[in-house]
Amino acid sequence: MSYKCITNIKDLQKYIKGSKVIAFDIETAPIDKYRNETKVALDPHKAVIVGISFSVEEGSAIYVPLNHKVGINTENPQQIIDYLKAWVFENENVVKIAHNLSFEAMFLYHLGIVVQAPCYDTIAASQLTLKSNTEFRNLSDSGLKTLVPELYDIEMTKFEEVTKGRHFDELDPQDCETICYACADSDYTLRLYHTFNNWFDKFMPKHRYIVEQIESPTSVYVGIMKHNGLLVDKELMLSKQKEAGQKLSQLKDDITFHIGDVDIGANASTAAFKNYLYKDLGLPVLKTTDKNQAAVDDEAMILLTDWCRENCYELTSIFELIQEYRKWGKIKSTYIDGYLEHINSATGRIHPDLFPLGTETGRFVSRKPNLQNMPRPDGDVIGVRDFITAPYDKVLLSLDFSQIELRVGAFYCRDNTMLETYGTGGDIHAQTTSVIYRISFEQAVDKNAEHYKERRTIAKNCNFGTFFGLFPKGLQKTLKFKAGLDTSLSECEKIISNLKSGYPRLSKWQEEVKKRAELLKYTETYLGRRRYLTDINSYDWGKKSFAQRCALNTPIQGTAADILKLAIARILTGLLERNWLKPLLQIHDELVFEVPKDKVEEAVDYIKLCMETQPFKDFDVPIVAEASIGQSFGTMKELNIE
């Protein structure tokens, strides 16, 4: 291997000059203040870039030390950073390759650098290649130290073996072991780039497009969101934590008054509580678990409440108290204790992990904590969304795709009614809301009407469910447990029948998609993101019907995800001249930002342009992004800018 350490800008320029494809990898270490914290080197607010390695040719790499505490660093680190910013990271003529690009982009963004396309994330590429005939690699299969032995039969030196308990800045950058470790990362990242692209070109060319044009720019954007995080009102959270604790204590006392000293635990799902219900009280088992055991989940509690209302009314209050106890328990453990646990001591913000390939359809997943499942305002007794706030001189700005999945569905099935509705600015969800709740269309479309959002959510479930092959029993269950509506099976059959008759091309498209999936054994998005369906021809009706629903769901949900990520790639290009625009979070079809109060109109105009641009040539359904604004996430109001 031709690996070496360089400490001046001339040698750096000489190495990368004229290269159109450059792989890089950064090494980090904590600053002194946070040196004893765990995993602190992964936090750009508590750590620094110690050095960067580059590779422009397989078997060749250089390491540029910037902030080592021993040995010799580069002569002028800021000069190096300025050069790399202009000639590599923000250069539109150079392909920037990294393994886990979001991590590198996050640290570079901390230095004022916004990595620009073309870029390439070899972790994303790994997750879009197959490890068996029908199984894609997942994130745990995609580490550099995992892929290199698998693909090249070479064992890479592990971080712990090199550092021996030290931080990376305590290593001598001129030491051969340090140089080889740092350079190998960029060298093998470049090799993965070529290996994966050769594989894509041979087996799945569309996946190469997805990696290059969709997933890699998205990785950069994810790193920026991770860096920015969301400001929280910690004082309010602590106050609500106390309130929730008092409420739980009161509810537990009330439950004990009814059932005695039965141990219900933190979530009223203990074996003792189950025995009390089904053995001591002798209540009927109305729902079972996958292991055919009596269930005590929320659905079981709702079913038992209904049964008691008709057969044993005096027990009804027990189940109402249990449901209330569980609701407050989840609020406290998930949305208060859980959020408090993840507040960064350096920023006062929560910086969640976001995984843009977290689902098989290509939709994001949020963890540590999950900020995509905050309770809706009408069901939020504690005001969880008020925890997320903006600095006094800024506001939170959200832009949300309007009915994007149904618009994609209309594009696919080519139903004239749907296409005309969207072409003339109509509202399909409002029409369905009117049918389900037996209210006028005017009331259904009124955003200020009571329970507007909750009713609309149920209407969406009906519409999406119909698109994805939902059966009447499934719709009945959805309406029962998500909206508290007791709808007869015949009424559910009528709702689905009405929706299908209203959109006659829908059923035909569904049958075409299922037949194609049965033939190919996979389904895919319009841009070619593939999902294998090994059970599509199964003799097991349950497995087959699930695979059929996936066959219908993936083209719509996955294409909608691709459209959002294409919008993200467009937004990324404009961040260079809009350093005041701070991406914070992605929630399903919604993007959240922090902006100065005097920049709101400019921000909305730019983001709407990026989101509403035709995503690909054939897409002929209008796309609409709706803006909301607020000082906190709980006070967001729709914004109309003419």
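(A) Looking closely at the environment of Cys492. The topology assignment puts Cys492 in helix H19 (residues 489–502). Between the C-alpha atom of Cys492 and that of Cys462, which follows or precedes it by 30 residues, the distance is 9.4 Å. When near neighbours in sequence (up to four residues on either side) are disregarded, Cys492 contacts Pro472, Leu475, Gln476, Leu479 and Thr487.

(B) Focus on the nonpolar core. Leu12, Phe54, Leu84, Leu277 and Ile607 are the most contacted members of the largest nonpolar core, which totals 195 residues. Looking at this core, the element that brings in the most residues is helix H21 (residues 541–574), giving 13 residues. Leu12 has contacts with Ile6, Phe54, Ile62, Val64, Ile80, Tyr83 and Leu84, leaving out every residue within four places of it along the chain.

(C) Expanded view of the packing of helix H11 (residues 298–311) against helix H12 (residues 316–341). Across the interface, H11 lies against H12 with an axial gap of 8 Å and an inter-helix angle of 155°. Put simply, H11 runs roughly antiparallel to H12. Judged by the twist between their axes, the crossing of H11 over H12 is left-handed. In this structure, H11 uses Asp298, Met301, Ile302, Leu304, Thr305, Cys308 and Arg309 to contact H12, whose residues at the interface are Thr316, Phe319, Glu320, Ile322, Gln323 and Arg326.

(D) Broad picture of the sheet that holds strand S15 (residues 590–596). The sheet built from five strands is open, its strands ordered S14-S15-S11-S16-S17 with antiparallel pairing. Lying at the two open borders of the sheet, with one neighbouring strand each, are strand S14 (582–587) and strand S17 (637–639). Here the strands of the sheet are splayed against their neighbours by 30° on average, with no regard to which way each runs. Here strand S16 (residues 625–630) runs beside S17; their pairing, made up of three bridges, is antiparallel.

(E) Inspection of the sheet that holds strand S2 (residues 21–30) at higher detail. The strand order S1-S4-S3-S2-S5-S6 describes an open sheet built from six strands, whose pairing is mixed. Unpaired on one side and paired on the other, strand S1 (2–5) and strand S6 (119–121) mark the two borders of the sheet. When the angles between neighbouring strand axes are averaged without regard to direction, this sheet yields 25°. Pairing of S2 with strand S5 (residues 95–98) involves three bridges; the strand directions are parallel. Paired with Ile22 across the strands is Lys96, a residue of S5. Set on the sheet, helix H3 (residues 101–110) makes contact with S2, strand S3 (47–57), S5 and S6; between it and S2 the angle comes to about 65°.

(F) How the structure looks around the pattern of salt bridges. Enumeration according to the criterion identifies 40 salt bridges in this entry. Between Lys164 and Glu177 there is a salt bridge, with its nearest N and O atoms 3.8 Å apart. On the criterion of sequence distance, the pair formed by Lys164 in the loop between helix H6 (159–163) and helix H7 (176–203) and Glu177 in helix H7 is long-range, its members being 13 residues apart. You can call Glu177 partly exposed: its relative accessible area is 36%. Linking Arg191 and Asp187 is a salt bridge whose minimum nitrogen-to-oxygen distance equals 3.1 Å.

(G) Fine view of the packing of aromatic side chains. Considering all chains together, one arrives at 22 aromatic pairs under this definition. Ring plane angle 45° and centroid distance 5.3 Å describe the contact between Trp199 and Phe203, whose orientation is recorded as tilted. Residue Trp199 and its partner Phe203 are both found in helix H7; the two are separated by four residues, about one turn of the helix. Using a relative accessible area of 46% as the deciding quantity, one classes Phe203 as partly exposed. Consider the rings of Phe411 and Phe616, whose centres lie 5.9 Å apart with planes at 70°: the pair is edge-to-face.

(H) Summary view of the pairing of strand S4 (residues 60–65). Of all six residues making up S4, six are buried, and the element is well covered by its neighbours. Going residue by residue along S4, you find Ser60, Ile62 and Val64 tucked away on one face and Ala61, Tyr63 and Pro65 tucked away on the opposite face as well. Pairing analysis gives four bridges linking S1 to S4, with the strands arranged parallel. By the bridge assignment for S4, Tyr3 is matched with Ala61. Pairing analysis gives five bridges linking S3 to S4, with the strands arranged antiparallel. Residue pairing in the sheet places Ile52 in a bridge with Val64 of S4. A loop of two residues connects S3 with S4, the two strands running antiparallel in sequence, and Gly59 in this loop sits at a positive phi of about 85°.

(I) Region of the structure containing the environment of Pro583. Its location among the elements puts Pro583 in strand S14. Separated by 40 residues in sequence, Pro583 and Ile623 place their C-alpha atoms 21 Å apart. Leave out the neighbours within four places in its chain, and Pro583 touches Tyr221, Ile224, Met225, Asn228, Leu575, Val592 and Phe593.

(J) Up close: the environment of Glu90. Tracing the sequence through the fold places Glu90 in the loop between helix H2 (77–89) and S5. For Glu90, a relative accessible area of 18% puts it in the buried group. Taking the C-alpha atoms as reference points, Glu90 and Gln116, separated by 26 residues in sequence, lie 5.0 Å from one another. Each residue touching Glu90, except ones within four places of it in the same chain, is listed here: Lys85, Gly112, Ile113, Val114, Gln116 and Leu576. In this structure the side chain of Glu90 is engaged in a polar contact, spanning 3.0 Å, whose partner is the side chain of Lys85. Polar side-chain contacts of Glu90 include one of 3.0 Å to the backbone nitrogen of Val114.

(K) Broad picture of the packing of helix H13 (residues 404–413) against helix H14 (residues 416–423). Remark: H13 packs on H14, axes separated minimally by 9 Å, with the N-to-C direction vectors making an angle of 135°. In terms of orientation, H13 lies oblique with respect to H14. Pair H13 / H14 crosses with left-handed handedness. Of the residues in H14, those in contact with Leu406, Arg407, Ala410, Phe411 and Cys413 of H13 are Met418, Leu419 and Tyr422. When its residues are assigned to classes, the contact of H13 with H14 shows seven nonpolar, no polar and one charged.

(L) Main features of the side chain of Lys46. On the secondary structure map, Lys46 appears in the loop between S2 and S3. The exposure class of Lys46 is buried, given its relative accessible area of 6%.

Reading the values: the criteria
Residues numbered from 1 in each chain as written. Predicted model: local features only at pLDDT ≥ 70, side-chain atom pairs only at ≥ 80, totals over all residues. Heavy atoms only, no water. Helix = DSSP H or I, 4+ residues; strand = E, 2+ residues; numbered from the N terminus. Contact = heavy atoms within 4.5 Å. Core = buried A, V, L, I, M, F, W, Y, C linked by side-chain atoms within 4.5 Å. Buried < 20%, exposed > 50% of the residue type's maximum accessible area, 1.4 Å probe, protein only. Axes fitted to C-alpha atoms, helices over the stretch in contact; angles between N-to-C directions. Parallel < 35°, antiparallel > 145°, perpendicular 65-115°, else oblique. Left-handed = near helix turned anticlockwise from the far one by under 90°. Pairing = 2+ DSSP bridges. Salt bridge = Lys/Arg side-chain N within 4 Å of Asp/Glu carboxyl O. Phe/Tyr/Trp six-rings, centres within 6.5 Å; stacked < 30°, edge-to-face > 60°. Polar contact = N/O pair within 3.5 Å; in protein donor to acceptor, adjacent residues only side chain to side chain. Nonpolar A, V, L, I, M, F, W, Y, C, P; charged D, E, K, R; others polar.

Keep in mind these values describe shape, not function.
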